[in-house]
Amino acid sequence: TGPTSPIGFAPFVDACLESDEEKTKKEKEAMRYIPLVENTQQRVDYYIRLVKFKEAVEVAVALKDADLLRYIRSKTKNAKTMETIDGLLKEWGY
């Protein structure tokens, strides 16, 4: 098992994102904690906030969650990401 926290890891992600550190440094630090966030929707929202759509899609794919994929698609403007999601949904029969 991995690291644990009695309060979860979302507060760590929030603290990283709200810090006064240089943008790339605080985002890199936040990326260390996002995979540890238990709430799937919250984890995906953090990835979207950091424009890490590949990671967000990977979460949805691991869960085979079509609704989550549609949600991610609604948040991106990247044609390749939309195309990837459309392909996955079609492959899954949606």
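Right above here is the structure, for reference.
Residues numbered from 1 in each chain as written. Predicted model: local features only at pLDDT ≥ 70, side-chain atom pairs only at ≥ 80, totals over all residues. Heavy atoms only, no water.

Would you mind going over the overall build of the protein in detail, with residue names and values included?
What the protein contains, in helices and strands, is six helices and zero strands. Secondary structure elements of the protein occur, N-terminal to C-terminal, as α-α-α-α-α-α. Taken along its principal axes, the extent of the C-alpha atoms in the protein is 40 × 30 × 15 Å. Expressed as a percentage of its 94 residues, the buried residues of the protein come to 35%. Across the protein, every contact between residues at least 6 apart in sequence was considered, and the portion connecting residues at least 24 apart equals 38%. When the accessible surface of the protein is totalled, it reaches about 6,400 Å², and 51% of it is carbon and sulfur. (Helix = DSSP H or I, 4+ residues; strand = E, 2+ residues; numbered from the N terminus. Buried < 20%, exposed > 50% of the residue type's maximum accessible area, 1.4 Å probe, protein only. Contact = heavy atoms within 4.5 Å. Areas by Shrake-Rupley, 256 points an atom, 1.4 Å probe, with all protein chains shown as cover.)

Which residues make up the packing of aromatic side chains, and what values do they have?
Evaluation of the coordinates by the stated rule reveals three aromatic pairs. Geometrically, the ring pair formed by Phe9 and Phe12 is tilted, given 5.7 Å between the ring centres and 35° between the ring planes. On the basis of relative accessible area, Phe9 is assigned to the buried category, the value being 10%. Between the aromatic rings of Phe12 and Tyr33, the centroid separation amounts to 5.3 Å while the plane-to-plane angle is 20°, which identifies the pairing as stacked. With a gap of 21 residues between them, Phe12 in helix H1 (residues 10-18) and Tyr33 in helix H2 (residues 23-33) connect regions that are remote in the sequence. For Phe12, a relative accessible area of 32% corresponds to the partly exposed category. A relative accessible area of 17% means that Tyr33 is categorised as buried. (Phe/Tyr/Trp six-rings, centres within 6.5 Å; stacked < 30°, edge-to-face > 60°.)

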